[in-house]
Amino acid sequence: MSNSRVIHSRHRFTRKPNLADVKAAGHDMLRLVNRRILLSILSDRQPISRPEIAKISGHNKATISTITGELLKDSCIIEEGSGRTTPIGGKPPTPLRLNAQRFGLFGVDIRADETILALSDFNNRIVSRVSYETGVDSTAFLNKIGKEIRKLSVKHDSFIEFPGIGVSLPGLVDNHSGKFLLSVVLPWRDVPVVQLLEKSTGLPVIIDNSARCSALAEIWHGKAQYAHVRNLLYVSVSTGLACGVVIDGGLYRGGNNTAGQFGHIPIDLNGNECRCGQRGCWDLYASDKATLKRYAELRGTSGKRVTAMRKLIELVEAGDAAATEAVRETARYLGIGITGLINGLDPEVVVIGGEITKVWGVIEPIIVEETKRHLLAPRSHSIAIRPSAFEVRPSLKGALTLIQNSLLSVPHMG
Ligand SMILES: [Zn+2]
């Protein structure tokens, strides 16, 4: 290896070892990492043959053969067809696929009004999806969801294993303690979601807030062109404004597990008082609540009274001037906040989710214009600002992705 290659590869390792949680890179760990890399390649590119996997992963054929042998034995993957003979007499390599029935993944997307429980196979195909009215009594409601999960796992007994339940929640979540802390849209406080659901189902539970779940879904399942994106900012525009930040392929959770509340960065110190105690937070200008309030002011005594963002978007689509102006103004504020975050985080892609993205043609030029005017650094790559890849409930996709992420992500070694 040339000297410059050595230096180059050295500089690719930038993470300080975590001495509080050292797991030396023993044989088992390497085996686990290699298995997960292979499963991720399969998930992304299937059907794919062993030689093709070898080419992508950089492993030699013997190593690939050993790992795929183990994965076949564990029923994680299957061989497709029986390797027909080519016209010139050779045997083509057998394509491999993930075994869809190996894992049944549960996802629960809890929102203020409606909760969706879904079961997907290992290929991310949803095989069951049921919706419930979200209950005010958190314990009774989560016990009910637990019971439904037990019923579903009996009904879908062709799955070899149910590795866990991913839960997306609309508010502050501490996924270390397993608690849903608080929310402005749901009257649940300090709810031990993980403990309650694990007790009622016997399955491991992972929780996170909906913006972070959505960010995770985008990095794993978003548009194909994000396949090599490592740094992504997700801006969830809903009743409130929250963000999910993916750094180098992993979700950034912060020291207290509450990272992503950029909606509470003040953008006007003389602005209105926010529920967080500060004045002029970004949330007060760019959330759905802000857009609805702005529309009410703009329409004055004329026009329709609107309390749901969905209805406001319908008015924009119908050409209503006040509704369009309300949304355009929100787009300006989204642009201002996103510019600050791009300057601070330098993501490759910014994904915006929420009802407002249904009128992407109205908001996109304004957001892009704002960012162009105020970006600091000259950039070698342009930053893509896109609507979410998932038209319906990115957070449900994210809840399922929490479990997929736990099966396929690569652990830190050391
Ligand atoms: Zn605030």
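What counts, and at which threshold
- Residues numbered from 1 in each chain as written.
- Predicted model: local features only at pLDDT ≥ 70, side-chain atom pairs only at ≥ 80, totals over all residues.
- Heavy atoms only, no water.
- Donors = N, O, S within 2.8 Å, 3.2 Å for Na, K, Ca; no water.
- Tetrahedral: all angles 85-135°; square planar, octahedral: opposite > 155°, others 65-115°.
- Helix = DSSP H or I, 4+ residues; strand = E, 2+ residues; numbered from the N terminus.
- Buried < 20%, exposed > 50% of the residue type's maximum accessible area, 1.4 Å probe, protein only.
- Axes fitted to C-alpha atoms, helices over the stretch in contact; angles between N-to-C directions.
- Parallel < 35°, antiparallel > 145°, perpendicular 65-115°, else oblique.
- Contact = heavy atoms within 4.5 Å.
- Nonpolar A, V, L, I, M, F, W, Y, C, P; charged D, E, K, R; others polar.
- Pairing = 2+ DSSP bridges.
- 1 Å grid on protein atoms, 1.4 Å probe; cavity = no way out; pocket = protein on both sides within 12 Å on 5 of 7 lines; lining within 4 Å.
- Points joined across faces, edges and corners; volume = space filled by probe spheres on them.
- Polar contact = N/O pair within 3.5 Å; in protein donor to acceptor, adjacent residues only side chain to side chain.
- Left-handed = near helix turned anticlockwise from the far one by under 90°.
- Disulfide = S-S within 2.5 Å.

Q: Please give an account of the coordination of the zinc ion that cites residues and values.
A: Coordination of the zinc ion by the protein comes from H264 (ND1), C274 (SG), C276 (SG) and C281 (SG), over a distance range of 2.0 to 2.3 Å. For the zinc ion, the four donor atoms are set out with angles of 104 to 121 degrees between them, so the coordination reads as tetrahedral. Between the donor residues of the zinc ion, the gaps in sequence give the motif H-x9-C-x1-C-x4-C. Within this pair, whereas H264 is found in the loop between β13 (250–251) and α8 (283–286), its partner C276 is found in the loop between β13 and α8, the two being separated by twelve residues in sequence. Overall, the relative accessible area of 37% leaves C276 in the partly exposed class.

Q: Before we move on, can you summarise the packing of helix α2 (residues 27–45) against helix α4 (residues 61–73) with the specific residues and values?
A: For the pair α2 and α4, the least separation of the axes is 10 Å and the interaxial angle reads 80 degrees. As summarised for this structure, α2 and α4 are arranged roughly perpendicular, according to the angle between their axes. Facing α2, whose interface residues are R31, N34, R35, L38 and L39, α4 presents I64, I67, T68, E70 and L71. Looking at the contact of α2 with α4, its residues break down into five nonpolar, two polar and three charged.

Q: Please provide a residue-by-residue account of the sheet that holds strand β1 (residues 48–49), values included.
A: With antiparallel pairing, three strands are arranged side by side in an open sheet as β1-β3-β2. In this open sheet, the two strands that pair with only one neighbour each are β1 and β2 (77–79). With two bridges connecting them, β1 and strand β3 (residues 95–98) associate as antiparallel partners. Its bridge partner lying in β3, I48 is registered against L96. Relative to the sheet, α2 contacts β1, β2 and β3, its axis offset from that of β3 by approximately 100 degrees.

Q: Talk me through the sheet that holds strand β10 (residues 205–209); I want residue IDs and the actual numbers.
A: Ordered by their spatial adjacency, five strands build an open sheet running β6-β5-β4-β7-β10, and the pairing between neighbours is mixed. Looking at which strands have only one partner, the edges of the open sheet turn out to be β6 (126–133) and β10. Neighbour to neighbour, the strand axes of the sheet diverge by 15 degrees on average, direction disregarded. Pairing geometry for strand β5 (residues 114–120) and β6, over seven bridges, is antiparallel. By the bridge assignment, E114 is partnered in β6 with E133. Across the sheet, helix α13 (residues 394–408) lies against β4 (103–110), β5, β6, β7 (161–169) and β10, angled at about 140 degrees from β4, the strand it touches most.

Q: I'd like to hear about empty space enclosed by the protein, residue by residue, with values.
A: According to the stated counting rule, one finds one cavity of 30 Å³ or more in the structure shown. Of the voids in this model, the largest cavity is the one considered here, and its volume is about 50 Å³. Along the walls of the largest cavity sit L105, S120, N124, I126, H221, K397, L400, T401 and Q404, which together make up its complete lining. The biggest single contributor to the lining of the largest cavity is α13, with four residues. Here the lining of the largest cavity is composed, by residue class, of three nonpolar, five polar and one charged.

Q: Go over the environment of Y234 with me, naming the residues and quoting the values.
A: If you trace the backbone, Y234 turns up in strand β11 (residues 232–237). Residue Y234 is classed as buried on the basis of its relative accessible area of 2%. Measuring from C-alpha to C-alpha, the distance between Y234 and K293 comes to 24 Å, with 59 residues separating the pair along the chain. Leave out the neighbours within four places in its chain, and Y234 touches A211, S214, A215, E218, A242, C243, G244, V351, G353, S388 and P394.

Q: Requested: an account of the environment of S158, with residues and values cited.
A: Mapped onto the elements of the fold, S158 is located in the loop between α5 (138–155) and β7. C-alpha of S158 to C-alpha of P192: the two residues are 34 residues apart in sequence and 31 Å apart in space. Here the side chain of S158 touches Q101 through a polar contact of 2.8 Å, side chain to side chain.

Q: Tell me about the layout of surface pockets, residues and numbers included.
A: Taken as a whole, the second largest pocket holds about 1500 Å³ of empty space. If you trace the second largest pocket, you find 49 residues lining it, with R111, S236, V237, S238 and T239 closest to the centre. Secondary-structure elements contributing two or more residues to the lining of the second largest pocket are α7 (210–221), β11, β12 (241–247), α9 (288–299), α10 (309–317) and α13. Of the residues assigned to the lining of the second largest pocket, the class counts are 20 nonpolar, 17 polar and twelve charged.

Q: Pulling in residues and values, what's your account of the packing of α5 against helix α6 (residues 193–201)?
A: In the contact formed by α5 and α6, the axes pass within 9 Å of each other and the chain directions differ by 40 degrees. Taken as axis vectors, α5 and α6 run oblique relative to one another. For the crossing formed where α5 meets α6, the hand is right-handed. Along the contact surface, α5 presents T139, L142, N143, I145, G146, K147, I149 and R150, while α6 presents V193, L196, L197, S200 and T201. Among the residues forming the contact of α5 with α6, the class breakdown is six nonpolar, five polar and two charged.

Q: Lay out the state of the cysteines in plain terms, naming residues and giving numbers.
A: Overall, the coordinates contain zero disulfides when judged by the stated rule. Of all cysteine sulfurs, the one in C281 lies closest to C243, which takes part in no disulfide; the gap is 13 Å.

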